[in-house]
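# Secondary and tertiary structure notes
So you can see what is in the structure, the chains are spelled out below.
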Amino acid sequence: MHSETRLVLGGLTTLAVATAALVVLPYLTVRDTPPAPGLKPYTASALRGRTQYIQHGCMYCHSQQPRARDFAPDAKRGWGRATVAGDYAYDDPPLLGTMRTGPDLMNIGVRQPGEQWHLGHLFQPRAYVPGSIMPAYPFLFELRDKAEPGETVVTLPPGFVPEGKTVVARPEALDLVSYLKSLDRSYPAIDPTTTN
Ligand code: HEC
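Here the structure is a predicted model, which means the values were calculated and not measured.

The rules behind these values
- Residues numbered from 1 in each chain as written.
- Predicted model: local features only at pLDDT ≥ 70, side-chain atom pairs only at ≥ 80, totals over all residues.
- Near = placed C-beta within 6 Å.
- Nonpolar A, V, L, I, M, F, W, Y, C, P; charged D, E, K, R; others polar.
- Helix = DSSP H or I, 4+ residues; strand = E, 2+ residues; numbered from the N terminus.
- Expected span 1.5 Å × (residues − 1).
- Buried ≥ 20, exposed ≤ 12 C-beta atoms within 10 Å, placed from the backbone.
- Pairing = 2+ DSSP bridges.
- Contact = placed C-beta atoms within 7 Å.

## Remarks on the site of the ligand
Residues in contact with the ligand amount to 23 residues; listed here are only the nearest, C58, C61, G102, S132 and M134. Its residues placed into classes, the shell around the ligand shows 15 nonpolar, seven polar and one charged.

Take a look at the structure:
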C-alpha cells in the first residue's frame, strides 16, 4: 500500500472512531430520554421567548448547565443541582452555552420569579445591578407618554426613565420574560448519582 493511501485511510479511520465516540454514541444514549418528571412543557409565549433568547444571543454569555459538585460550586452559587438529560426534553436544541460571562440561567425562574424585575433588568441591567456589563435591550420596550389599557408598564428605580415618559413592554419582552420565568429545574433529578 502507498504511504499516501495509508495516511488517508488512517485519517479517515481516526475521524470515524472520533465521530462514533463523540457524536453517534452520545446521540443514541440520550435521544429517547423522556422528559424528567416535574418538567413542564413550555407555553406558547415561553417558546416564542426562547426564540428571542436565541436571536439576542443571550447564550453567548449565559450557560444553562449547572455542574455537579465535583466540578464546580454551582449549587452553592444558587444555580441549582447538576442537570440530567431529561431536563432538556423540551429544548431543541438545548441552549447549553459555552461561556459564563453572566450567571447560569437554568433555574433563573426559581431565583428571580418577578416579572417586573426581569422586564426592568432587560430594559436596563444597571438599574438593578450597578456596574453590570450585561447589554440593555431597550428595543424590547417603547417609551410613551402614557400606556394604553391592557399594556404592561415597567416600573423602574428613579432616574432610569426620562421625565414624564412611561416604559411599556413590547410583546417580545413579555415572551422573553415568560421564558426566563419558566426556567425551573428545582424538582429532583431521576438519576441519584447526579443529584448534587
Ligand atoms: C455580554 C454578556 C451578556 C449578554 C449578551 C447577556 N447577559 Fe444577562 N447577564 C450578564 C451578566 C454579567 C450578568 C450579571 C449582572 C446582572 O445581573 O446584570 C447577567 C445577569 C442576567 C440575569 C440575572 C441573573 C441572576 O442570577 O440574577 C438574567 C435573568 C439575564 N442576565 C438574562 C439575560 C438575557 C435574557 C439575555 C439576552 C436577551 C442576556 N442576559 C444577555 C451578561 C450578559
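Okay, back to it.
## Details of helix α1 (residues 3-30)
For an α-helix the count is 3.6 residues per turn, leaving residues at separations of three or four pointing the same way. For α1, with 28 residues, the first-to-last C-alpha span of 40 Å sits near the 40 Å given by 1.5 Å per residue. With zero of its 28 residues buried, α1 lies for the most part at the surface.

## Some remarks on the sheet that holds strand β1 (residues 141-144)
Spatially, the three strands line up as an open sheet ordered β1-β3-β2, and their pairing is antiparallel. Of all the strands in the sheet, just β1 and β2 (153-154) have a single pairing partner and so form its edges.

## Some thoughts on the environment of W79
Within the fold, W79 resides in the loop between α2 (44-55) and α3 (108-111). In this structure, the C-alpha to C-alpha distance between W79 and D104, residues 25 residues apart in sequence, is 6.2 Å. In this structure W79 touches P66, D74, P103, D104, M106 and N107, once residues within four positions along its chain are discounted.

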